[in-house]
Amino acid sequence: MWWHVYPLGFTGAEKQALPDDAAPVHRFEHLTRWLDHVVGLGLNGVALGPVFASQTHGYDTVDHLRVDPRLGTEEDLVAFVDAAHARGLRVTLDGVFNHVGRGFGPFQDVLREDPGADAASWFRLRWPAGAAPGTEPDYDDFEGHHALVALNHDEPAVAGYVTDVMNHWLDRGVDGWRLDAAYAVPAAFWARVLPGVRAAHPDAYVFGEVLHGDYAAFVTESGVDAVTQYELWKSTWSSLNDGNFFELTWTLSRHEALLDTFVPVTFVGNHDVTRLASRLTDRRHVAHAVAVLLTVGGTPTVYAGDELGMTGVKEEREGGDDAVRPVFPATPGDLDGEAAEAFRLHHDLIGVRRRHPWLHRARVEVLTCTNTRLVYRSHAGDAAVLVALSLEDEPVTLDVPGATGVLAGDAELHGRDGGGAVVGLAPHGWAVLATG
């Protein structure tokens, strides 16, 4: 289970790259001071957002082998990884290998030279007739962002470069990689890169950012361990907002099919989307979403701050991510009010998952579904937990066959003739229940 953090925002780093002659700012200690918070929450990994030298937001990388001076140095990053390992936490890095910033060294070589530059084959370029040294070509970019230069993934040298970068940081103690915008890269490229990574680091965990499409086919063809489950993310919040548990039930059936091939990376928030507490029209349903996240099969990820009840709306404009990537205090400090309540919610449900590690590959059987009521059984072999959710404004009583106790949530459990069980939920209530 991962705690996902966007380091540049978290530490209050400058919005633009430091001048070339500026000294690094040692900000990893800010992240290190939060590691005990991650342990206390019950998670066992930290998924870092971009940490490499870039021009602005981290996804316009200019040097994959240099830590961004706004965050510190390679020694600072290695010290952070060591501190995480000392606490039993694993660490992944964010690999932006679909595109680079215009300041990326090989691209600058192309701009200085001409179509004959050694690095010209690294990019998808279109040169004007009679191009001379210093002529700028047109080029493919990432989704219309001209500052993000798309790499040519058919070029063997690019595959070799990416393999070397991944191994470089794995050699320094990192445990795995998130592949940014993996969906924009041909699966065959990853299939060429990852064998060289696996040969040197067979235990490295590699997952790709994939928004849509055939998730299982991408995993099979690319060789990654997993991809991000955006379909479940969307269905979770929209079913709660719309009062339509049939949508979530349908998505859970599709999720089941994915588990035949791989274990998806699941989440209800990340650095690219509006925070859960702002996305939901009724904040009482945050608990329902987190309960789903932590009781269905998957590798759950908690976006830093969601466990504190943070809000933030992503906007489609320059700087529109700032609200969901805020600066955090120097230390966690004492929690009270809504922050303490949100922390307890996450802590309790993460605790359920830690006590039932089979939930990683659990299958879901829906027992009751209406627009506003859902009961399902998560199970693996003979082990099972039951989940009951209500979106209704009045107290409800639900049949929950086999329930024997309350693991999390606020519910009253009653037996009945015939050995069954019913659970009483408060308005907009939820519960995770033991069986057997």
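Above this text you will find the structure in question.
As the structure is a computational prediction, the values presented were derived from the model and not from experiment.

Some words on the overall build of the chain
Okay, so step 1: A tally of regular secondary structure across the chain gives 13 helices and 23 strands.
Okay, so step 2: For the C-alpha atoms alone, the extent of the chain along its principal axes is close to 85 × 45 × 40 Å.
Okay, so step 3: Per-residue burial for the chain yields a buried fraction of 56% across its 436 residues.
Okay, so step 4: Within the chain, contacts between residues separated by at least 24 positions form 69% of all contacts whose residues are at least 6 apart in sequence.
Okay, so step 5: Total accessible area computed for the chain in this model is approximately 17300 Å², and 50% of it derives from carbon and sulfur atoms.
Okay, so step 6: Both charge centroids of the chain, one from 33 positive and one from 61 negative side chains, sit 3 Å from each other.

Looking at the nonpolar core
Okay, so step 1: Formed by 128 residues in total, the largest nonpolar core has its most connected members in Trp3, Leu48, Phe123, Met166, Trp177 and Trp190.
Okay, so step 2: Here this core takes 8 residues from helix 6 (residues 156-171), the largest share from any one element.
Okay, so step 3: Not counting residues up to four positions away in its chain, the partners in contact with Met166 are Phe97, Trp177, Leu179, Val193, Leu194, Val197 and Val206.
Okay, so step 4: Membership of the second largest hydrophobic core comes to 13 residues, among which are Val375, Val400, Ala411 and Leu425.

Thoughts on helix 9 (residues 230-242)
Okay, so step 1: Taking 1.5 Å of rise per residue, 13 residues should cover 18 Å, and helix 9 covers 18 Å from first to last C-alpha, within 8% of that figure.
Okay, so step 2: Considered for burial, the residues of helix 9 that qualify are Tyr230, Leu232, Trp233, Ser235, Thr236, Trp237, Ser238, Ser239 and Leu240.
Okay, so step 3: Two or three places before Glu231, at the opening of helix 9, Gln229 has a side-chain oxygen 3.1 Å from that residue's backbone nitrogen.
Okay, so step 4: In the segment just after helix 9, Gly243 is the residue with positive phi, at about 60°.

Thoughts on the side chain of Glu256
Okay, so step 1: With respect to the element layout, Glu256 can be found in helix 10 (residues 245-258).
Okay, so step 2: Buried charged residue Glu256 carries no salt bridge. Nearest counter-charge: Arg363, at 4.0 Å.
Okay, so step 3: Not counting the four nearest positions on each side in its chain, Glu256 is found in contact with Ala362, Arg363 and Val364.

Details of helix 12 (residues 286-293)
Okay, so step 1: Burial within helix 12 is extensive, with 8 of its 8 residues counted as buried.
Okay, so step 2: Listing the buried residues of helix 12 in full gives Val286, Ala287, His288, Ala289, Val290, Ala291, Val292 and Leu293.

Some details on the side chain of Glu307
Okay, so step 1: Looking at where Glu307 falls in the secondary structure, it is placed in the loop between strand 15 (299-303) and helix 13 (337-355).
Okay, so step 2: In terms of polar contacts, Glu307 uses its side chain to reach the side chain of His37, at 2.7 Å.
Okay, so step 3: Beyond its immediate sequence surroundings of up to four residues, Glu307 is in contact with Trp3, His37, Leu41, Val302, Ala339, Ala342, Phe343 and His346.

Some thoughts on unusual backbone geometry
Okay, so step 1: Phi angles above zero are rare outside glycine, and Glu143 is one such case at about 50°.
Okay, so step 2: Relative to the helices and strands, Glu143 is located in the loop between strand 9 (141-142) and strand 10 (145-150).
Okay, so step 3: In this structure, His428 is a non-glycine residue whose phi angle is positive, near 55°.
Okay, so step 4: Within the secondary structure, His428 sits in the loop between strand 22 (421-425) and strand 23 (430-435).

Quick look at the pattern of salt bridges
Okay, so step 1: Enumeration over the complete set of coordinates arrives at 27 salt bridges.
Okay, so step 2: Note that Arg70 and Asp68 form a salt bridge whose closest N and O atoms lie 2.8 Å from each other. A single burial state applies to Arg70 and to Asp68, both of which are buried.
Okay, so step 3: Measuring nitrogen to oxygen at the nearest pair gives 2.4 Å for the salt bridge that ties Arg317 to Glu315.

A short note on the sheet that holds strand 19 (residues 396-399)
Where strands meet in a sheet, backbone hydrogen bonds hold them as pairs that are either parallel or antiparallel.
Okay, so step 1: Here 3 strands make up an open sheet; going across it, the order is 19-22-21 and the pairing antiparallel. The open sheet is flanked by strand 19 and strand 21 (411-415), the only strands paired with a single partner. Across the sheet, the mean angle separating the axes of adjacent strands is 25° when strand polarity is ignored.
Okay, so step 2: By the bridge criterion, 5 bridges tie strand 21 to strand 22 in an arrangement that is antiparallel. In the strand pairing of strand 22, Ala411 is matched with Leu425.

The rules behind these values
Residues numbered from 1 in each chain as written. Predicted model: local features only at pLDDT ≥ 70, side-chain atom pairs only at ≥ 80, totals over all residues. Heavy atoms only, no water. Helix = DSSP H or I, 4+ residues; strand = E, 2+ residues; numbered from the N terminus. Buried < 20%, exposed > 50% of the residue type's maximum accessible area, 1.4 Å probe, protein only. Contact = heavy atoms within 4.5 Å. Areas by Shrake-Rupley, 256 points an atom, 1.4 Å probe, with all protein chains shown as cover. Lys, Arg positive; Asp, Glu negative; His and termini not counted. Charge placed at Lys NZ, Arg CZ, Asp CG, Glu CD. Core = buried A, V, L, I, M, F, W, Y, C linked by side-chain atoms within 4.5 Å. Expected span 1.5 Å × (residues − 1). Polar contact = N/O pair within 3.5 Å; in protein donor to acceptor, adjacent residues only side chain to side chain. Salt bridge = Lys/Arg side-chain N within 4 Å of Asp/Glu carboxyl O. Pairing = 2+ DSSP bridges. Axes fitted to C-alpha atoms, helices over the stretch in contact; angles between N-to-C directions.

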